[in-house]
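Below, each chain spelled out in residue letters.
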Amino acid sequence: MHELAICSNIIKILKTQVVNKKIKKIWLRIGEISGVNCDAIQFSFPIAARNTIAENAEIELIHVHARGKCNTCHAEIKITTLFDACQYCNNYDYEIIQGNELQIIKVEVE
Ligand SMILES: [Zn+2]
């Protein structure tokens, strides 16, 4: 499961930032088209956090809708999958503005 690896990486990053403290809560931003399964994150996190500074930490996921900018008609478009076409001109050539991120936004320590 790749979410378990993602959770281990998050904890690895936190370990370099938080010294001699326990993590109480973590806020994560997850883009709609990041390919990350939110349920799998909720499930995997306690497993990855076992015997670490993040053991028993609460995890809050903030979902981010995906948006793009069409390179043909320059409209701002809504994206729900990576295979969506522009809603205005049906072109597939667009830049992703947001929605593919996975970010740690805030951490609460004890
Ligand atoms: Zn377009």
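Scroll up a little and you will see the structure.
Reading the values: the criteria
- Residues numbered from 1 in each chain as written.
- Predicted model: local features only at pLDDT ≥ 70, side-chain atom pairs only at ≥ 80, totals over all residues.
- Heavy atoms only, no water.
- Helix = DSSP H or I, 4+ residues; strand = E, 2+ residues; numbered from the N terminus.
- Expected span 1.5 Å × (residues − 1).
- Buried < 20%, exposed > 50% of the residue type's maximum accessible area, 1.4 Å probe, protein only.
- Arc of directions from axis to C-beta.
- Contact = heavy atoms within 4.5 Å.
- Polar contact = N/O pair within 3.5 Å; in protein donor to acceptor, adjacent residues only side chain to side chain.
- Pairing = 2+ DSSP bridges.

*Asks:* Please provide a residue-by-residue account of helix H2 (residues 38–49), values included.
*Replies:* Along its twelve residues, H2 runs 16 Å from first to last C-alpha, staying within 8% of the 16 Å computed at 1.5 Å per residue. What H2 keeps buried is the set Cys38, Ala40, Ile41, Ser44, Phe45, Ala48 and Ala49. Viewed along the axis of H2, the buried residues span an arc of 135°, placing them on a single side of the element. Structural note: H2 exposes Asp39 and Phe43 on the side pointing more than 90 degrees away from its buried face. Against helix H1 (2–17), strand E1 (23–31) and strand E2 (58–64) lie the buried residues of H2. Backbone nitrogen of Asp39 and a side-chain oxygen of the N-cap are separated by 2.9 Å at the start of H2; the cap is Asn37. Remark: Asn51 follows H2 within two positions and exhibits a positive phi of approximately 60°.

*Asks:* Account for the pairing of strand E3 (residues 66–70), naming residues and giving values.
*Replies:* Burial along E3 is one-sided: Ala66, Gly68 and Cys70 are buried, and none of Arg67 and Lys69, which face the opposite way, are. As defined by bridge partners, E3 adjoins strand E4 (residues 76–79) across four bridges and the pair is classed as antiparallel. Considered in E4, the bridge of Ala66 is made with Ile79. Between E3 and E4, which pair antiparallel in sequence order, lie five residues; one of them, His74, sits at a positive phi of approximately 60°. Taken together, the four bridges between E3 and strand E5 (residues 94–98) define a ladder with antiparallel strand orientation. Bridge pairing links Gly68 to Ile96 in E5.

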